[in-house]
Protein chains: 2
Amino acid sequence: MSIKIGIMGYGNLGRGIECAIRQNDDLELVAVFTRRNPETVKILTEGVSVCASADVENWKDKIDVLILCGGSATDLPKQTPEYAKYFNVIDSFDTHARVPEHFANVDAAAKASGKVGIISVGWDPGMFSLNRLYANAILSDGADYTFWGKGVSQGHSDAIRRIEGVKDAKQYTIPVESALEAVRAGKNPELTTRQKHTRECFVVLEDGADAAKVEQEIKTMPNYFADYDTTVHFISEEELKANHSGIPHGGFVIRSGKTGWNLENNHVIEYSLKLDSNPEFTSSVLVAYARAAYRLNKEGQSGCKTVFDIAPAYLTSMSGEDIRAHLL
Amino acid sequence: MSIKIGIMGYGNLGRGIECAIRQNDDLELVAVFTRRNPETVKILTEGVSVCASADVENWKDKIDVLILCGGSATDLPKQTPEYAKYFNVIDSFDTHARVPEHFANVDAAAKASGKVGIISVGWDPGMFSLNRLYANAILSDGADYTFWGKGVSQGHSDAIRRIEGVKDAKQYTIPVESALEAVRAGKNPELTTRQKHTRECFVVLEDGADAAKVEQEIKTMPNYFADYDTTVHFISEEELKANHSGIPHGGFVIRSGKTGWNLENNHVIEYSLKLDSNPEFTSSVLVAYARAAYRLNKEGQSGCKTVFDIAPAYLTSMSGEDIRAHLL
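Thresholds applied
Residues numbered from 1 in each chain as written. Chains lettered and ligands numbered in written order. Predicted model: local features only at pLDDT ≥ 70, side-chain atom pairs only at ≥ 80, totals over all residues. Heavy atoms only, no water. Helix = DSSP H or I, 4+ residues; strand = E, 2+ residues; numbered from the N terminus. Rg over C-alpha atoms; globule rule 2.2 N^0.38 Å. Buried < 20%, exposed > 50% of the residue type's maximum accessible area, 1.4 Å probe, protein only. Contact = heavy atoms within 4.5 Å. Lys, Arg positive; Asp, Glu negative; His and termini not counted. Charge placed at Lys NZ, Arg CZ, Asp CG, Glu CD. Pairing = 2+ DSSP bridges. Axes fitted to C-alpha atoms, helices over the stretch in contact; angles between N-to-C directions. Least-squares fit on C-alpha atoms with pLDDT ≥ 70 in both. Polar contact = N/O pair within 3.5 Å; in protein donor to acceptor, adjacent residues only side chain to side chain. Phe/Tyr/Trp six-rings, centres within 6.5 Å; stacked < 30°, edge-to-face > 60°. Lys NZ or Arg CZ within 6 Å of the ring centre and 35° of its normal. Buried area = accessible area lost by both parts, 1.4 Å probe. Salt bridge = Lys/Arg side-chain N within 4 Å of Asp/Glu carboxyl O. Right-handed = clockwise from strand over helix to strand, strands pointing away. pLDDT = per-residue confidence, 0-100.

## Considering the overall build of chain A
- In terms of helices and strands, chain A carries 11 helices and 14 strands.
- In terms of overall dimensions, chain A is globule-like: its C-alpha atoms have a radius of gyration of 22 Å, near the 20 Å expected for 328 residues.
- Reported as C-alpha extents along the three principal axes, the dimensions of chain A are approximately 65 × 60 × 35 Å.
- Residues counted as buried form 59% of the 328 residues belonging to chain A.
- Counting contacts in chain A only where the partners sit at least 6 residues apart, residues at least 24 apart contribute 68% of the total.
- Counting 35 positive and 44 negative side-chain charges, chain A places the averaged centre of each group 3 Å from the other.

## Some remarks on the sheet that holds strand S7 (residues 141–148) of chain A
- The sheet built from six strands is open, its strands ordered S7(A)-S12(A)-S13(A)-S13(B)-S12(B)-S7(B) with antiparallel pairing. Of all the strands in the sheet, the pair left with one neighbour each is S7 of chain A together with strand S7 (141–148) of chain B. The sheet shows a mean angle of 10 degrees between the axes of neighbouring strands, taken without regard to direction.
- The sheet contact formed by S7(B) and strand S12 (residues 249–259) of chain B spans eight bridges and is antiparallel. Residue pairing across strands places B:Thr146 opposite B:Val253, the latter belonging to S12(B).
- Its contacts with the sheet place helix H6 (residues 177–184) of chain A against S7, strand S12 (249–259) and strand S13 (265–275) of chain A together with strand S13 (265–275) of chain B, and it is angled at close to 30 degrees to S12(A).
- Those strands touched by helix H10 (residues 278–298) of chain B are S12 and S13 of chain A together with S12 and S13 of chain B, and its axis lies near 70 degrees from that of S13(A).

## Points about the relation of the copies chain A and chain B
- For the pair chain A and chain B, the superposition axis carries a translation of 0.0 Å, the fit reaches an RMSD of 0.0 Å, and the rotation angle comes to 180 degrees. When the rotation and shift are considered jointly, the pair of chain copies conforms to a two-fold rotation axis. Minimal C-alpha separation from the rotation axis in chain A is found for A:Ala311, amounting to 1.9 Å.
- Taken together, the interface assignments show that 100% of the residues at the interface of chain A recur at the interface of chain B, consistent with an identical surface on both copies.

## Digging into the environment of A:His233
All names here are of chain A.
- Structurally, histidine 233 is set in strand S11 (residues 229–234).
- Given the relative accessible area of 27%, histidine 233 is considered partly exposed.
- When residues no more than four places from it in sequence are discounted, the contact partners of histidine 233 are Glu200, Cys201, Phe202 and Val203.
- Here the side chain of histidine 233 touches glutamate 200 through a polar contact of 2.8 Å, side chain to side chain.

## Concerning unusual backbone geometry
Residue and element names in this part refer to chain A.
- The omega torsion across glycine 149 and lysine 150 is 0 degrees, close enough to zero to call that bond cis.
- Even without being a glycine, asparagine 188 presents a positive backbone phi close to 45 degrees.
- Examined against the element boundaries, asparagine 188 turns out to sit in the loop between H6 and helix H7 (193–196).
- Given a relative accessible area of 32%, asparagine 188 falls into the partly exposed group.

## Some details on the packing of aromatic side chains
- Tallied over the entire structure, the rule returns 11 aromatic pairs over all chains.
- Their ring planes at 85 degrees and their centres at 5.8 Å tell us that A:Phe33 and A:Trp59 sit as a pair that is edge-to-face. Taken together, the residues span a long stretch of sequence, with A:Phe33 in strand S2 (residues 27–34) and A:Trp59 in the loop between strand S3 (49–52) and strand S4 (65–68) at a distance of 26 residues.
- With relative accessibility at 0%, the residue A:Phe33 sits in the buried group.
- Judged by relative accessible area, which is 15%, A:Trp59 ranks as buried.
- Ring geometry for B:Tyr172 versus B:Phe202: centroids 5.7 Å apart, planes at 85 degrees, classification edge-to-face. With B:Tyr172 in strand S9 (residues 166–175) and B:Phe202 in strand S10 (residues 197–205), this pair connects stretches of sequence that are 30 residues apart.
- Since its relative accessible area comes to 12%, B:Phe202 is described here as buried.
- Aromatic ring contacts, followed pair by pair, group A:Trp123, A:Phe128 and A:Tyr271 into a single cluster.
- Between A:Arg15 and the ring centre of A:Tyr10, over which it is positioned, the NZ or CZ distance is 5.4 Å.
- Directly above the aromatic system of B:Phe147 lies the positively charged group of B:Lys196, at a separation of 5.2 Å from the ring centroid.

## Focus on the side chain of A:His197
Residues and elements named next belong to chain A.
- If you trace the backbone, histidine 197 turns up in strand S10 (residues 197–205).
- Overall, the relative accessible area of 5% leaves histidine 197 in the buried class.
- Here the side chain of histidine 197 touches tryptophan 148 through a polar contact of 2.8 Å, landing on its backbone nitrogen.
- Histidine 197 has contacts with Thr146, Phe147, Trp148, Thr173, Ile174, Pro175, Val176 and Tyr228, leaving out every residue within four places of it along the chain.

## Considering the interface of chain A and chain B
- Contacts between chain A and chain B engage 69 residues on the former and 69 residues on the latter.
- Both sides together, the interface formed by chain A and chain B hides about 6,100 Å², and carbon and sulfur atoms give 62% of it.
- Across the chain A-chain B interface, the total number found is zero salt bridges.
- Across the chain A-chain B interface, the total number found is 31 residue pairs in polar contact (both at pLDDT 80 or more).

## Here's the deal with the sheet that holds strand S8 (residues 151–152) of chain A
All names here are of chain A.
- The four strands lie next to each other as S8-S9-S10-S11, forming an open sheet whose pairing is mixed. Bordering the open sheet on either side are S8 and S11, each of which pairs with just one other strand.
- Pairing of S10 with S11 involves six bridges; the strand directions are parallel. Each bridged residue has a counterpart across the sheet, and for cysteine 201 the counterpart in S11 is valine 232.
- With respect to the sheet, helix H8 (residues 211–219) is in contact with strand S9 (166–175), S10 and S11, its orientation differing from that of S11 by roughly 150 degrees.

## Some remarks on the pairing of S2(A)
Residue and element names in this part refer to chain A.
- In terms of residue burial, S2 counts as a mostly covered element, since seven of its eight residues are buried.
- Note that strand S1 (residues 3–8) and S2 share six bridges and pair parallel. Considered in S2, the bridge of lysine 4 is made with glutamate 28.
- In this region the chain leaves S1, passes through helix H1 (residues 12–22) and returns to the parallel neighbour S2; the handedness of that crossover is right-handed.
- Across four bridges, S2 lies against S3 in parallel orientation.

## A few points about the pattern of salt bridges
- Scanning the model with the defined rule gives 32 salt bridges over all chains in all.
- Note that A:Glu82 and A:Lys85 form a salt bridge whose closest N and O atoms lie 3.1 Å from each other.
- Among the ionic pairs, B:Asp75 bridges to B:Arg35, the shortest N-O distance being 3.1 Å. A residue pair is termed long-range when its members are at least 10 positions apart, and B:Asp75 in helix H2 (residues 75–83) and B:Arg35 in the loop between strand S2 (27–34) and strand S3 (49–52) qualify at 40 residues.
- Look at the salt bridges and you will find they share partners, linking A:Glu177, A:Glu181, A:Arg184 and A:Glu270 into a network.

## Comments concerning the confidence of the model for chain A
- Within chain A, residue pLDDT values average 97, and 100% of them lie at 70 or more.
- For this predicted complex, the interface confidence comes out at an ipTM of 0.97, alongside a pTM of 0.97.

Okay, here's the thing in structure tokens:
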């Protein structure tokens, strides 16, 4: 008996979920929901329905877990509590400041319906959060560092694209190697924004645009670029397509801390990801937590949860005996 | 109200537990138990009793969690099920092949007494196991690699010390950098024992011992050294004390795996530890899980568990609100 999964929203993340389900024999994709006209949406899996998102309620008894692939700004704050009325749900809500509010809304809806909702699943928030928690629980006296990259920031790429004269752009966030090394050496450095990451931009100009003006506008953009050392490369549309069409990402979570009667010993815990495809990796985390949501709900649990609340054994299809024999 | 901890066994690990408790305000050391004459055992914490291990039952109502610091070969297989009759217990049982049997014995005892027993806690087994599980659950199609070191192997150091003519010795296990790099590059290499680790030995000879004979005996020792590239350095007793008296260790857990409709994208997940003191770090993990054992038992749970069965939130003294606000 496989776990029946529905996908709400079919962009990069939705397609990643579809691929990840294919890699897991105990999961089955039963329907994809879209706000677009379903007839215009072509998915990869044969024999699976594409339906209007407005019809999702009709699938109440045919779907075990609905994975929500909308954006954190406007989609998920509405969708996750709404769909938790009918389904076990998973989202990748990543607006850190609004987590308490989102958690409360999903918790109320999921408790009322007797369903499980798991929010903020992916790698950050998600696997990075878990690693921050484990490392903090182990090393009480220490300092946390999170570095992102090398990877594409969608938000920063979009910000460049909004500049007049820019036809297309890709922005990479890059951790500063010397900062990483100082942290790894247990030096507990205090690092400014500029000392942690640099930003590299590949920009395609509109015909006749003023390169110097665009470069200046990028480098001085508040919040996005002004606090960073930023490099701008102007390239052709062909080059952008050929060399910068992927969506790689990754990063590092490091905690350095002391133990001993007089705190005389230092320890460094490091977790890192190097991802060819940010949405596909995020999707792989989401489907593992979809498995957990289904099982927890089968056990009678309900309400909102995060990665912190879920025992690791729920994520794998392997039995308790098998994981103790092969992974412990 | 702090959680009352007892320590069974006062060697390197027991002392590490004592130090770790001092770093956590919600934990309180109430007694240390020893098989030696308690009057001969001097501990670091003022005002805490040192008692004979035979008397531990008398502490049944005064200790919330008993942390077992014995060895995996003969102590823990007996101690953990025995003490689970009276206490919530934690051990660092690390004989991988005997985990199923140990789990069953502790589970039966702990279920009968209504207590929680958490076995195989530390970094390997422990944090490395967790990282193998998370990475396997996320990347279904992939390969696992565990490297140890650079660090002191107690077992290998002991093996050298048993050779005739050897006065003292320290052995370091060292991961092969080129193997690590191939794994990190997503090449999924097949690696022999020799290709993964080298062994470096620092040996103090007895007066008049034959260095060439000792070196030959080390390098050809089956299981311990014969399958590795081994380097032997002969040094003075003073040098050994000055430069090799620490117990550092560490290592790497890496999973490399593919995603995408045609498995076209590669991802690398890496977790690494660099530890100045192996026993103190292990102790820090053990006390975090002692906190979890206490809480799970308060919620009415009983039986044997491993790190796989415990939701991360149980490990920290921070509230759910705080971890969502600060670590998610």
